[in-house]
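Chain by chain, the residues run as shown.
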Amino acid sequence: MTVDRNDQVAVADVYAGDAGAQCRDEGVGTLFLFVIEADPEPDVLARVAMIFNIANVAPRSVKFQRKSEGNVAMTVAIPLVGGVQADMIRRKLEQLTCVLSVSLAEAR
């Protein structure tokens, strides 16, 4: 923990090795929408959340609904510093066996 000239405490997640989290907290970056269709398994939300946890990002909002007996839909809005990080998260989500499809868009 360090103290700057304005006597404000600045805290960084030293284990994440990522200073981008501070930028996202200040509202810098782009809001990305992940629309995920997946199998209706009991642990599907936890599996998807783990991908965002590993990427060290927190959603601004999550919408979860069961569309039919065969699938569920999730819309996750996350502010990210760049499209490269968003695409990496999209590819990791697609690797989950319970995920049927992932689409990614910038929120306008």
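Residues numbered from 1 in each chain as written. Predicted model: local features only at pLDDT ≥ 70, side-chain atom pairs only at ≥ 80, totals over all residues. Heavy atoms only, no water.

## Observations concerning the nonpolar core
- Counting 22 residues, the largest nonpolar core has Phe-34, Ile-36, Val-48, Phe-52, Leu-80, Ile-89 and Leu-93 as its most contacted members.
- Counting only elements with at least two residues in this core, the list comes to strand 3 (30–38), helix 2 (44–54), strand 5 (71–80), helix 3 (83–94) and strand 6 (99–106).
- When residues in this core are grouped by element, the largest group, 5 residues, is from strand 5.
- Discounting residues that sit within four places of it in the chain, Ile-36 has contacts with Val-48, Val-72, Ala-73, Met-74, Val-76, Leu-93, Val-99, Ser-101 and Val-102. (Core = buried A, V, L, I, M, F, W, Y, C linked by side-chain atoms within 4.5 Å. Buried < 20%, exposed > 50% of the residue type's maximum accessible area, 1.4 Å probe, protein only. Helix = DSSP H or I, 4+ residues; strand = E, 2+ residues; numbered from the N terminus. Contact = heavy atoms within 4.5 Å.)

## What to know about the confidence of the model for the protein chain
- Per-residue confidence for the protein chain gives a mean pLDDT of 82; residues scoring 70 or more make up 74%.
- Here residues 21–25 is modelled with pLDDT under 50, and outside its nearest four sequence neighbours on either side it reaches 12 contacts, counting other chains as well. (pLDDT = per-residue confidence, 0-100.)

## Topic: the packing of helix 2 against helix 3
- Interaxial distance between helix 2 and helix 3 falls to 10 Å at its minimum, and their mutual angle equals 145 degrees. With respect to the hand of their crossing, helix 2 and helix 3 are arranged in right-handed fashion. Residue-level contacts link Val-48, Ile-51 and Phe-52 of helix 2 to Ile-89, Lys-92 and Leu-93 of helix 3.
- Residues that form the contact of helix 2 with helix 3 fall into these classes: 5 nonpolar, no polar and 1 charged. (Axes fitted to C-alpha atoms, helices over the stretch in contact; angles between N-to-C directions. Left-handed = near helix turned anticlockwise from the far one by under 90°. Nonpolar A, V, L, I, M, F, W, Y, C, P; charged D, E, K, R; others polar.)

## Remarks on the sheet that holds strand 6
- Strand order in this open sheet of 4 strands is 4-5-3-6, and the pairing throughout is antiparallel. Each edge of the open sheet is held by one strand with a lone partner, namely strand 4 (61–68) and strand 6. Strand after strand, the sheet turns through a mean of 15 degrees between neighbouring axes, direction not considered.
- Sheet topology note: the strand 4/strand 5 ladder contains 7 bridges and is antiparallel. (Pairing = 2+ DSSP bridges.)

## Regarding the packing of aromatic side chains
- The full count for this structure, using the stated rule, is 1 aromatic pair.
- Where Phe-34 meets Phe-52, the ring centres are 5.5 Å apart and the plane angle is 75 degrees; that geometry is what we call edge-to-face. Of the two residues, Phe-34 is situated in strand 3 and Phe-52 in helix 2; the sequence distance between them amounts to 18 residues.
- Judged by its relative accessible area of 0%, Phe-34 falls in the buried class.
- Accessibility expressed as a relative area gives 4% for Phe-52, which makes it buried. (Phe/Tyr/Trp six-rings, centres within 6.5 Å; stacked < 30°, edge-to-face > 60°.)

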